[in-house]
Every structure is written in structure tokens, then in C-alpha cells.
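Now for the letters of each chain:
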Amino acid sequence: MLEDFLAFTSRSAKLVVHFFKEDSILAKRLPLIYGPRSILSYLYRVYAASFAGFLISGRIRLLAVSVGGFAFNAVGVGAVLGVYGGFTKFASIPHLIALGYPAWMVGEELKGLSVARAPLAWASCAASLAFYVPVLLGDLGELYQLFVQHKFYVLMPDGVVHPLKTWTTPDTSVRLDMTDMFVTAIPAQRSE
């Protein structure tokens, strides 16, 4: 059982790395979200800067909650990738759960701060929320597409999108364009 878990964890970690590489299919077909100059890459930089700000300003509790949320997010999204063998809108569920509480904590902290009394802590909270708010709104959009519009798709590591045959199995007999899963995807070229 431990060997199965370790194999699953290894597979999930490899999939996470593959999907988020700067030269991946996602970076080419979804440059607004996953490319090297994407919105997400800038948001992650701001998020990382907020960690440094929390540390310097002595907000260790916020730092711990934010780093813990980020770690749980990576584990949850990796587990979803491992189960499906690809990226699905179901990844928004652990993403929302892992980042929702830290976003709430940072928002509550920001309410009690003033720019004049604690400028670094205020700026760190604002930077952190600049990451959380669009990401969590995106998750809600993904869940809307999943549960209301019934977009049950799996994006495989080779860039092919398949609908789900069952809740955990992609239907590899049906091949879809990435634009079926992501509205902002650049349509596939004939060479792909």
C-alpha cells in the first residue's frame, strides 16, 4: 500500500511539474494563464513577495497560514492530477479549499491595519489579496463551468483534451480542442 501511495505521489508530482513548465503545451496554448509573462506568473511573484513582507513585519501567523495554504493547494491539485492523469476543472475544488481560508485570514488582518501605522504589513496583505481574489474568483468560474455547464474534460499532458467517460476515467476515443475546456486557449495548429 505504501508503494502504491509513493508511486501515486511521484506520478502526481511529475504531472504538476509538466503542466506548469514555461515551455509546456499550456504555456503555448494558454499564454494569458500559463506562459512566462502570464497573469498567473505575475500574481505568484506578488504572492511570494507578500510572504517576505509577512516575515519582515513579524506577521508569522499569516505567513504560516499562507504557506500552509499554498502547500495544501499543491498537494490537492497534484492529487487531482494523479487521479485523472491530467488537468480537470475538479482541481478547482482543492484549490478553493486550500486558498479560501488564508484569503479570509489575510482579509481580516487587513481590516485592522492602517497604511500609516504598519505600511509593510498592509502592503503584504494587499499583495496577498491581489493574488487570492482573482485566483479564487477563477476557481468559482471553473466550478460554475463544471457543475452548471457540465464541462467534464481532462487535459492530458500531451495537450489533448478528452471528455470524462466516468468520474475518474477520460474517454480517450474522443479528442477535443483545448478551447472546449479553456475559453482563452489559442486554437490548435494543424501540426499539433
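The notes below deal with the structure included here. If you're wondering where the values come from, they're calculated on a predicted model, not measured in any experiment.

### Some details on the sheet that holds strand β3 (residues 161–163)
Within a sheet, adjacent strands bond to each other through the backbone by hydrogen bonds, running parallel or antiparallel. The strand order across the open sheet formed by 3 strands is β1-β2-β3, and the pairing between neighbours is antiparallel. Whereas interior strands pair on both sides, the edge strands pair on one side only; in this sheet they are β1 (87–88) and β3. With 2 bridges connecting them, β1 and strand β2 (residues 153–155) associate as antiparallel partners. Considered in β2, the bridge of Thr88 is made with Val154.

### Things to note about the nonpolar core
Judged by nonpolar contacts, the single largest core of 45 residues is most densely connected at Phe87, Tyr132, Leu155, Met178 and Phe182. Of all the secondary structure elements, the ones that give two or more residues to this core are α4 (39–56), α5 (60–84), α6 (92–111), α7 (119–147) and β2. Per element, the largest residue contribution to this core is 9 residues, and it comes from α7. Not counting the four nearest positions on each side in its chain, Met178 is found in contact with Ile25, Leu26, Arg29, Leu30, Leu155, Gly159, Val161 and Ala185.

### Observations concerning the packing of aromatic side chains
What the rule picks out here adds up to 11 aromatic pairs. A ring pair is formed by Phe90 and Phe152, whose centres lie 6.5 Å apart and whose planes are at 20 degrees; its orientation type is stacked. On the criterion of sequence distance, the pair formed by Phe90 in the loop between β1 and α6 and Phe152 in the loop between α7 and β2 is long-range, its members being 62 residues apart. One aromatic cluster is present, built from ring pairs that chain together Tyr44, Tyr47, Phe51, Phe70, Phe131 and Tyr132. The residue whose ring lies beneath Lys89 is Phe182, and the NZ or CZ to ring-centre distance is 5.4 Å.

Calculation notes
- Residues numbered from 1 in each chain as written.
- Predicted model: local features only at pLDDT ≥ 70, side-chain atom pairs only at ≥ 80, totals over all residues.
- Heavy atoms only, no water.
- Pairing = 2+ DSSP bridges.
- Helix = DSSP H or I, 4+ residues; strand = E, 2+ residues; numbered from the N terminus.
- Core = buried A, V, L, I, M, F, W, Y, C linked by side-chain atoms within 4.5 Å.
- Buried < 20%, exposed > 50% of the residue type's maximum accessible area, 1.4 Å probe, protein only.
- Contact = heavy atoms within 4.5 Å.
- Phe/Tyr/Trp six-rings, centres within 6.5 Å; stacked < 30°, edge-to-face > 60°.
- Lys NZ or Arg CZ within 6 Å of the ring centre and 35° of its normal.

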